[in-house]
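# Per-entry structural report
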Amino acid sequence: MIKKSFYLAIGILAFSTLIQGCAFVVGAAVGGTAAYMLKEKGYEVQSPVKRPSPQAPE
């Protein structure tokens, strides 16, 4: 009986891990698709990091 409950617990843990991994992949795919569709409509991503541009020699 102890072996059966141990294997059941391992199976449930493995299954829940697989489901969470799949949810992450689906979320990433939806985000990528949304970004692609917005890019087609003219929206662009603006970087929050501003680097100083080098000064031209005078």
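Below or above, wherever it landed, is the structure these notes cover. (Residues numbered from 1 in each chain as written. Predicted model: local features only at pLDDT ≥ 70, side-chain atom pairs only at ≥ 80, totals over all residues. Heavy atoms only, no water.)

Broken down by element type, the protein carries one helix and zero strands. Taken over the C-alpha trace, the protein has a radius of gyration of 24 Å; the compact-globule value for 58 residues is 10 Å, which it surpasses by more than 25%. On the principal axes, the C-alpha backbone points of the protein span a range of 85 × 30 × 10 Å. By the burial criterion, 0% of the 58 residues in the protein qualify as buried. Total accessible area computed for the protein in this model is approximately 6,100 Å², and 70% of it derives from carbon and sulfur atoms. (Helix = DSSP H or I, 4+ residues; strand = E, 2+ residues; numbered from the N terminus. Rg over C-alpha atoms; globule rule 2.2 N^0.38 Å. Buried < 20%, exposed > 50% of the residue type's maximum accessible area, 1.4 Å probe, protein only. Areas by Shrake-Rupley, 256 points an atom, 1.4 Å probe, with all protein chains shown as cover.)

A surface patch of nonpolar side chains, about 360 Å² in accessible area, is lined by Phe6, Tyr7 and Ile10. Of note, Ile10 is situated in helix H1 (residues 2-40). Since its relative accessible area comes to 42%, Ile10 is described here as partly exposed. (Patch = residues over 30% accessible without salt bridge, like charges linked within 9 Å, V, L, I, M, F, W, Y side chains within 5 Å. Salt bridge = Lys/Arg side-chain N within 4 Å of Asp/Glu carboxyl O.)

A few words now on H1. For H1, with 39 residues, the first-to-last C-alpha span of 58 Å sits near the 57 Å given by 1.5 Å per residue. Once H1 finishes, Gly42 follows within two positions and takes phi at roughly 110°, a positive value. (Expected span 1.5 Å × (residues − 1).)

The subject of this paragraph is the environment of Gly32. By the element assignment, Gly32 lies in helix H1. A relative accessible area of 40% means that Gly32 is categorised as partly exposed.

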